[in-house]
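Next come the chains, spelled out residue by residue.
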Amino acid sequence: MNRPDFSGYLAHFTKNSNPCIDDVNNSASAWKDMSAKDRLISILNEKIIHASIMPWTYANAVCFTECPWSSLISHTKNYSPYGIGFNKSFVYSRHGGPVFYIRPDHFKKQIKNSSFDKHVWPFITPFSPTYRPKHMKGNYFQTVDYSHEREWRVPHDLPFEYSDVKFIILNDYHDMAAFPKHLKDAIGRDKFILMDNYNCVERLWPVHKL
């Protein structure tokens, strides 16, 4: 069930920047010259989210966030206000699941013993927070902490149908007005959410600020 701190939905956000691994072998590099908005349109036209090479493991995956609406404003500042959402059951049925946040010492031991299964490898990400003890600082990993993203991954390209889409996130009304009509017709205008509206609510009623 949905709660303020928990959601039954997952969102994939596009970015304006280059992929984390800007490499000719990374299929995401083909879209690096596109804006975040154009990348979203490309995803919707193709009806597929292409997997990208992950840092640290170099495994291919499509990334999602489980963070609830109360955290999405901050999240979009790290990515963009353009995203596509599905329910968890859809992502899970396509071999998706939450990532494994692993301590550097555990990560190092698993690598040493070659004991990461190939099916687990795409879901691995290091967890080396700023509050780690002093003896762990500078060892193996510098600060790496993406736990706030509550990340899920699918370990391959993710094809979908418009009926699978639960919401589309755009920045503002101008984006909605200029968005390709065939996509709005196919997906349904009621599934479009504008981040500018949510930003306005936060300005008027800043319930998430002290």
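### What to know about the side chain of E149
Phase 1 of the analysis: Counting through the fold element by element, E149 comes out in the loop between β8 (124–126) and β9 (151–154).
Phase 2 of the analysis: Buried within the structure, E149 lacks any salt-bridge partner; R153 is the closest side chain of opposite charge, at an N-O distance of 7.5 Å.
Phase 3 of the analysis: A polar contact of 2.7 Å, which involves the side chain of E149, links it to the side chain of Y79.
Phase 4 of the analysis: The residues contacting E149, other than those within four sequence positions of it, are T65, E66, C67, H75, Y79 and Y101.

### Side note on the pattern of salt bridges
Phase 1 of the analysis: Applying the stated criterion across every chain, the model contains seven salt bridges.
Phase 2 of the analysis: Of the charged contacts, one joins D175 and K37 as a salt bridge, the two residues approaching to 3.2 Å between their closest N and O atoms. Residue D175 is located in helix α5 (residues 173–178), and its partner K37 is located in helix α1 (residues 36–46); the two are separated by 138 residues in the primary sequence.
Phase 3 of the analysis: Across the pair R189 and D185 runs a salt bridge whose closest N-O atoms are separated by 2.7 Å.
Phase 4 of the analysis: Owing to a relative accessible area of 41%, D185 belongs among the partly exposed residues under this scheme.
Phase 5 of the analysis: Salt bridges here are not isolated pairs; linked through shared partners, they connect K181, D185 and R189.

### As for the pairing of β9
In summary, the side chains of a regular strand alternate between the two faces of the sheet.
Phase 1 of the analysis: The alternating pattern of β9 places E151 and R153 and W152 and V154 on opposite faces, both of which are buried.
Phase 2 of the analysis: Bridge count between strand β4 (residues 60–65) and β9: four bridges; the pairing is antiparallel. Across the sheet, the residue bridging to C63 is R153, located in β9.
Phase 3 of the analysis: In this sheet, β9 lies alongside strand β6 (residues 97–98) in antiparallel orientation, the contact comprising two bridges. Note that in β9 the partner of G97 across the bridge is R153.

### Concerning the environment of G83
Phase 1 of the analysis: Relative to the helices and strands, G83 resides in strand β5 (residues 83–87).
Phase 2 of the analysis: Residues G83 and L170 lie 87 residues apart in sequence; the distance between their C-alpha atoms is 7.0 Å.
Phase 3 of the analysis: Excluding its chain neighbours within four sequence positions, the residues that come into contact with G83 are H12, F13, L40, F167, I168 and I169.

### Some remarks on unusual backbone geometry
Working note: non-glycine residues mostly have negative phi, and peptide bonds are mostly trans.
Phase 1 of the analysis: The backbone phi angle of W56 is positive, close to 70°, even though this residue is not glycine.
Phase 2 of the analysis: Checked against the element boundaries, W56 lands in the loop between β3 (52–53) and β4.
Phase 3 of the analysis: Using a relative accessible area of 33% as the deciding quantity, one classes W56 as partly exposed.
Phase 4 of the analysis: For R150, which is not a glycine, the phi torsion comes out positive at approximately 45°.
Phase 5 of the analysis: Among the secondary structure elements, R150 is positioned in the loop between β8 and β9.

### Quick word on the packing of aromatic side chains
How two aromatic rings sit relative to each other is set out by the distance from centre to centre and by the angle between their planes.
Phase 1 of the analysis: Evaluated as defined, the whole model comprises eleven aromatic pairs.
Phase 2 of the analysis: Aromatic side chains F100 and F123 sit 6.4 Å apart centroid to centroid with 75° between the ring planes, which places their arrangement in the edge-to-face category. With a gap of 23 residues between them, F100 in strand β7 (residues 100–102) and F123 in the loop between α4 (104–112) and β8 connect regions that are remote in the sequence.
Phase 3 of the analysis: Look at F100 and you get partly exposed, because its relative accessible area is 42%.
Phase 4 of the analysis: With centroids separated by 6.1 Å and ring planes inclined at 35°, the aromatic side chains of F107 and W121 adopt a geometry described as tilted. On the criterion of sequence distance, the pair formed by F107 in helix α4 and W121 in the loop between α4 and β8 is long-range, its members being 14 residues apart.

Calculation rules
- Residues numbered from 1 in each chain as written.
- Predicted model: local features only at pLDDT ≥ 70, side-chain atom pairs only at ≥ 80, totals over all residues.
- Heavy atoms only, no water.
- Helix = DSSP H or I, 4+ residues; strand = E, 2+ residues; numbered from the N terminus.
- Buried < 20%, exposed > 50% of the residue type's maximum accessible area, 1.4 Å probe, protein only.
- Lys, Arg positive; Asp, Glu negative; His and termini not counted.
- Salt bridge = Lys/Arg side-chain N within 4 Å of Asp/Glu carboxyl O.
- Polar contact = N/O pair within 3.5 Å; in protein donor to acceptor, adjacent residues only side chain to side chain.
- Contact = heavy atoms within 4.5 Å.
- Pairing = 2+ DSSP bridges.
- Phe/Tyr/Trp six-rings, centres within 6.5 Å; stacked < 30°, edge-to-face > 60°.

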